[in-house]
Amino acid sequence: MVSWCVPGQGPPLVCVHGAGVSSKQTLPLVRALSGRMEAWAVDLPGFGESTAPDRDPTVTGLAEALLDWVRAQRLTEPCLLGVSMGAQVVVEAAVRAPDEVGSVVLAGPTVDPRLRSLPVLAARLMLDNFREGPSVVVSGVNDYRRAGALRALRSWLASRDHRIERVLPEVGRPALVLRGTKDPLCPGHWAEEVTRLLPRGRLVTVPGQPHALTAAAPGPVADLVHDFVREAVR
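Residues numbered from 1 in each chain as written. Predicted model: local features only at pLDDT ≥ 70, side-chain atom pairs only at ≥ 80, totals over all residues. Heavy atoms only, no water.

**Q** Any details on the side chain of Asp112? Residues and values, ideally.
**A** If you trace the backbone, Asp112 turns up in the loop between strand E5 (103-107) and helix H4 (118-132). A polar contact of 3.3 Å, which involves the side chain of Asp112, links it to the side chain of His189. If near-sequence neighbours (up to four positions away) are discounted, Asp112 is found in contact with Pro187, His189 and Trp190. (Helix = DSSP H or I, 4+ residues; strand = E, 2+ residues; numbered from the N terminus. Polar contact = N/O pair within 3.5 Å; in protein donor to acceptor, adjacent residues only side chain to side chain. Contact = heavy atoms within 4.5 Å.)

Structure, rendered in structure tokens:
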């Protein structure tokens, strides 16, 4: 797994991208945190610049790979931040290794059970693309091309088939749920349900922002994450 890091104080933050894309989605947030807290952006296996075995990506498999990477880096109780499918990966990692994870941030967590139909998900994704802005859309298309259409599609199917609602109640660490008010993939009712299912969850909405919050609003998200992590270690 390939990764990028900026220096800073306090517990480290590890940022995990969504389905089919790469760390380009989270690097704006990482850069916004430079000097404030140690922050990492990773490419999950098979995406971005990371290699992968010749097998289908699964949420649980990616979670295990993330935990292996955290151990290899010798990070102590990091905050794991996941965007979209990355939130599903982070949740699985936190449940599988509760003593190794300090806290979690779920940005635009997927998948709302009401949206599991592929045509509905595709329509919501297209709507979000109009709201994200050209640079984010172009970056995503390039990431899909690099991963390959089949792997990108299989990552979306893995995200759709994963039942995050069954795992959330097992997350014992402090959790922050972030949602942009213009996010069609994570509706307001679903963000509230995610927060309710988390034993120690808190919801914050970011006005006027779409799904990929780490790319669309890195400054405000950096402030929210920095404050949350500081509070979580008290």
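**Q** Could you give an account of the side chain of Ser22, with specific residues and numbers?
**A** Along the polypeptide, Ser22 turns up in the loop between strand E2 (9-16) and helix H1 (27-32). Taking relative accessible area as the criterion, Ser22 reaches 2% and is therefore assigned buried. (Buried < 20%, exposed > 50% of the residue type's maximum accessible area, 1.4 Å probe, protein only.)

**Q** Give me the packing of aromatic side chains: which residues, what numbers.
**A** Tallied over the full model, the rule gives 1 aromatic pair. Seen from their ring centres, Trp40 and Trp69 are 5.2 Å apart, and the 80° between their planes marks the pair as edge-to-face. Placement of Trp40 in strand E3 (residues 37-42) and of Trp69 in helix H2 (residues 59-73) is noted, with a sequence separation of 29 residues between them. Note on accessibility: Trp40 and Trp69 belong to one class, buried. (Phe/Tyr/Trp six-rings, centres within 6.5 Å; stacked < 30°, edge-to-face > 60°.)

**Q** I'd like a description of unusual backbone geometry, backed by residues and values.
**A** Backbone torsion omega between Thr110 and Val111 reads 5°, so that peptide bond is classified as cis. By the secondary structure assignment, Val111 is in the loop between E5 and H4. Even without glycine at this site, Arg74 takes up a positive phi of about 60°. Within the fold, Arg74 resides in the loop between H2 and strand E4 (79-83). For Ser84, which is not a glycine, the phi torsion comes out positive at approximately 60°. Structurally, Ser84 is set in the loop between E4 and helix H3 (85-96).

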